[in-house]
Structure formats: structure tokens, C-alpha cells
Amino acid sequence: MNVKINKSELRGRVCVPLSKSVAHRLMIAAALAGAKDLCVSGGDDIAATARCLKTISESVRRANCLSRTECGACADTEQNTNGLPHINAGESGSTLRFLLPIVCALGLNCVFEGAGRLAQRPLGGLIKTLEAHGCRFEKLTDLQLPLKVSGKLVAGNFEIEGNVSSQYITGLLFALPLLDGDSTICVRGESVSVNYIDITLGVLADRGIEIARTADGYFVKGNQKFSVAENAEVEGDWSSAGFMIALGVLTGETRIGGLRSDSLQGDKAVVELLRRANADIEFVGEEVVARKSCLKAIDFDARDCPDAVPIMAVALSFADGVSHISHVDRLRDKESDRLGAVREMLADFGIRTEYGDDMLVVYGGRHKACKTQGFCDHRMAMSAMVCALNTDGESEVSQIGCISKSYPNFVEHVRALGADIEEI
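Residues numbered from 1 in each chain as written. Predicted model: local features only at pLDDT ≥ 70, side-chain atom pairs only at ≥ 80, totals over all residues. Heavy atoms only, no water.

## Re the overall build of the protein
Along its length, the protein carries 13 helices and 20 strands. The globule rule puts the C-alpha radius of gyration for 424 residues at 22 Å, and the 22 Å found for the protein is close to it. If you line up the protein on its principal axes, its C-alpha atoms span 70 × 45 × 45 Å. In the protein, buried positions account for 54% of the 424 residues. In the form shown here, the protein has an accessible surface area of approximately 17100 Å², with 46% of it arising from carbon and sulfur atoms. The averaged location of the 56 negative side-chain charges in the protein is 1 Å from the averaged location of its 46 positive side-chain charges. (Helix = DSSP H or I, 4+ residues; strand = E, 2+ residues; numbered from the N terminus. Rg over C-alpha atoms; globule rule 2.2 N^0.38 Å. Buried < 20%, exposed > 50% of the residue type's maximum accessible area, 1.4 Å probe, protein only. Areas by Shrake-Rupley, 256 points an atom, 1.4 Å probe, with all protein chains shown as cover. Lys, Arg positive; Asp, Glu negative; His and termini not counted. Charge placed at Lys NZ, Arg CZ, Asp CG, Glu CD.)

Okay, structure coming up:
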């Protein structure tokens, strides 16, 4: 899907989608507690987790049957190549990294599959840790996926690098309570995106799972049971909200509902970062109100909010001065090479950037209408559209169908706010 976009003044109120980060975790916890209704509305990543959890639940039930003739439901469940269930994570890194340790803890032999760049995203550190505790992995192609998984995870001391992905730690925190013995997680180096580990710990505590922090990681008792939580709610997604907040700050006034001001989501940092850049943003009741502002350059560390970098880079490209964003190397391993994509997209709009030593430098400047792309990456596509909506003239953005990954109604919502967007 491609669109033509003209500069627009956006005003009005929207409610952003539910948080992917919270929804993934609540769905997994519910499945481990034995719940069958795992339907949570959202984008493609949430659908991937729901699909994978269904496959896992059906496969575990089948494995527990004394014979297939004793369970009609199991007999009717289709098997894949070599009798192994195939678990398709789509393009969702969270789905893959969360569920891989869980499948190992359950002792389920299976094949993990994926789409897009998922097969190229970092996974080796997690696999190495799981291999050290009784599991076996076989790559079926030259890429990381499809990946054949066998064996059963054994309790013990799990060492994991903290500077690659907090999702590794979350996956282990969900899996280790299922094991027969007690375990520890030793995190080597400084953890990134620690806010999201806090979300995991909160969900686990609500499900009756006890995790103790240690000097270098976590202590996890074995043989724990996940309990059913009543009225568990998924809060609004701060990652999606960042695009609507930026639109208000750049083009007019937006009011965003469905957000928690006390959220642990890392991308809530967009509010304080834009405020530092002189943006007029305030909480009014249960809404965030963002008003058109003259921005100034800032420096910030993206260690705990890497997903906010594309939209912050766009916003700061309209600021007065030169901004510096540190700890950006992790952006190379997202749905696209997000670091390269940000630089290429801003260059299309006539904006100068520089990169060196894990730092992105964004020069505020005058934008020109252009043809650019979404890089098959939902956050890049939305960032490019935000940039176009505050650029004089008519711009074109291609490859925006990927937005369905996290914000399926984005185009509909910005049109309702007054955006001049035409599908081509």
C-alpha cells in the first residue's frame, strides 16, 4: 500500500491500540494458567502470539493423551512435517523470544517458523543458554528459522547477556517457574529496556509467580503454578501514542486517550523527551494533550526506549539545532535496519544526519516534499507519514501495509484528525 500525503493541520481525539508489550505477557500468563480464551484485539504481532499459544496448548494436550484414540480433539488436530507442530511467530520478535524458553520448559518438540527479517534478528545468546540446560536446536536452512527444537529444559543457573534484548530475560522468567527445580538467572553486563522486565515481573506477580531479585539477576523457585487473574486489563500502547503525540506537537493539537500516566512502558519516555525539546504536552484527566510547539534540539540516551528513536528523530528534525541520540546500534536488528532506515528516510526529506560510535546525530532543517518508503517496518512507515504531514508540498510514502503489525487503524485515525492522505 502506498499513499500521497499533503501537509495538514491535525486536531482531535484518538484512542491508541492496546499495548503489545502488556498483551503478549498477559496472554502467555493466561495460557500457562490454563485459560482457553486468549483473544486480545491488536495488530499482527498479537495475532501471532495468540496463534502460537493455541498451537502449543493443543500440542501439549495431545502429548499428554495416553493414545490419540482417547481424545477426539487431539485426533482432529493436524500434524506438520515429521509429526512436529510448527509454531509460526510471523514477524514478532517478542513472540519468538518469549515462547522459545517456554516450549523448552514444557518439553515440547516442535519447529519454530517466522517471516520477514525475524530469521535474521539476534537469537544466538538465548539458544546458547537453553542448550546449556538440556535443549537441542537444529537450523533447517542457512537462516535461524525454521528452527527445530527438542529436549526438555533442566533447572540450574542460566547466564544471559543483558545488553542484547530484555526479551531473552522475559522468556526465561516465564519458563523457569515451570521447571522441577529452583533456578537463577545471572545477567551479564548492563540490561537494556529494563522497563519491560518490570512489566514482566508485575504480570508474573499478579499470576502468583514468585521471582526474587538478586545482585546480578533473579532467583526463580521451581514447581510454581500460574493462577487465573480476574479482570486483567491491557493498557494503551505508549509506542503507538508517540506518533500521535508527535503529530500534535508538529501540526496542531491531538488528544490521546487510553493511556496510563504511571505505565512502565519504556516508550512513555517520549513525553518527557519532547517536553525537554520545548513541546507543549500535558496530562488532562485520562488524556495526553499535545499542542503545536517550536522545538529545540536535545540529547538523549535510547538504551531503554529504542522503539521511540524513529519518531523522535523525525520530531527533532524539525527542531532548532543539532540533536544527539546515543545507544542506537540495537536499531539495526529490528524489522528493518532501523538505524539506516531513519537516516535514509530523513535524507529523502532533505535532512542531514550523521552516525558514529553508537550515536545518531540529527540536524534540524527545512524539509522538502519527496518520495520515501516505509521499509516494510511499521515504526518507520508511521514515522515517514508523520514527517510528510508536516512538510510543504505533496510527498509519497510506499510500503505502509506493515503498519498493521502494531497500529492497524493508523491511517483511519490520522484521517479523522484531518490528515490529507490518498491511497495510490
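## Regarding the side chain of Ser-240
By the element assignment, Ser-240 lies in helix α8 (residues 238-251). Residue classification places Ser-240 among the buried residues on the basis of a relative accessible area of 0%. Within polar-contact distance, the side chain of Ser-240 engages the side chain of Asp-237 at 2.7 Å. Those residues in contact with Ser-240 that sit more than four places away from it in its chain are Val-16, Pro-17, Ser-406 and Tyr-407. (Polar contact = N/O pair within 3.5 Å; in protein donor to acceptor, adjacent residues only side chain to side chain. Contact = heavy atoms within 4.5 Å.)

## Quick notes on the sheet that holds strand β11 (residues 253-257)
Spatially, β2-β11-β13-β12 is the arrangement adopted by the four strands of the open sheet, whose pairing is mixed. Sheet topology places β2 (11-15) and β12 (280-284) at the edges, where each strand pairs with a single neighbour. Pairs of neighbouring strands in the sheet enclose a mean axial angle of 20 degrees, with direction left out of account. Two elements, β2 and β11, share five bridges in a ladder whose sense is parallel. Its bridge partner lying in β11, Arg-13 is registered against Arg-255. (Pairing = 2+ DSSP bridges. Axes fitted to C-alpha atoms, helices over the stretch in contact; angles between N-to-C directions.)

## Considering the sheet that holds strand β4 (residues 110-113)
As a general point, the strands of a sheet are linked pairwise by backbone hydrogen bonds and lie either parallel or antiparallel. The strand order across the open sheet built from four strands is β3-β4-β6-β5, with neighbouring strands paired in mixed fashion. The strands lining the two open edges of the sheet, one partner per strand, are β3 (86-88) and β5 (135-139). Recorded for the sheet is a direction-independent mean angle of 25 degrees between the axes of neighbouring strands. Relative to strand β6 (residues 147-151), β4 runs antiparallel, the two sharing three bridges. Among the inter-strand pairings, Cys-110 is bridged to a residue of β6, identified as Val-149.

## Points about the pairing of strand β13 (residues 287-291)
Most of β13 is tucked away, with four of its five residues classed as buried. Sheet analysis places β11 next to β13, joined by five bridges and oriented antiparallel. For Thr-254, the partnering residue across the bridge sits in β13 and is Ala-290. Pairing of β12 with β13, which is carried by five bridges, proceeds in the antiparallel orientation. Bridged to Ile-281 within β13 is Ala-290. In textbook terms, the turn of a hairpin is the stretch between consecutive antiparallel strands, and for β12 and β13 this stretch comprises two residues, one of which, Gly-285, has a positive phi near 65 degrees.

## A short note on the pattern of salt bridges
Counted according to the given criterion, the structure contains 27 salt bridges. Glu-190 is paired through a salt bridge with Arg-303; the nearest N and O atoms lie 3.7 Å apart. With Glu-190 in the loop between β8 (183-188) and α7 (194-206) and Arg-303 in the loop between β14 (299-301) and α10 (309-317), this pair connects stretches of sequence that are 113 residues apart. The class of Glu-190 is exposed, set by a relative accessible area of 53%. Here Asp-377 makes a salt bridge to Arg-338, at a shortest N to O gap of 2.9 Å. Separated by 39 residues along the polypeptide, Asp-377 in the loop between β18 (371-373) and α12 (378-389) and Arg-338 in helix α11 (residues 338-348) bring together distant segments of the chain. According to the relative accessible area criterion, Asp-377 is buried, its value standing at 0%. Looking at Arg-338, the relative accessible area reads 0%, which means it is buried. (Salt bridge = Lys/Arg side-chain N within 4 Å of Asp/Glu carboxyl O.)

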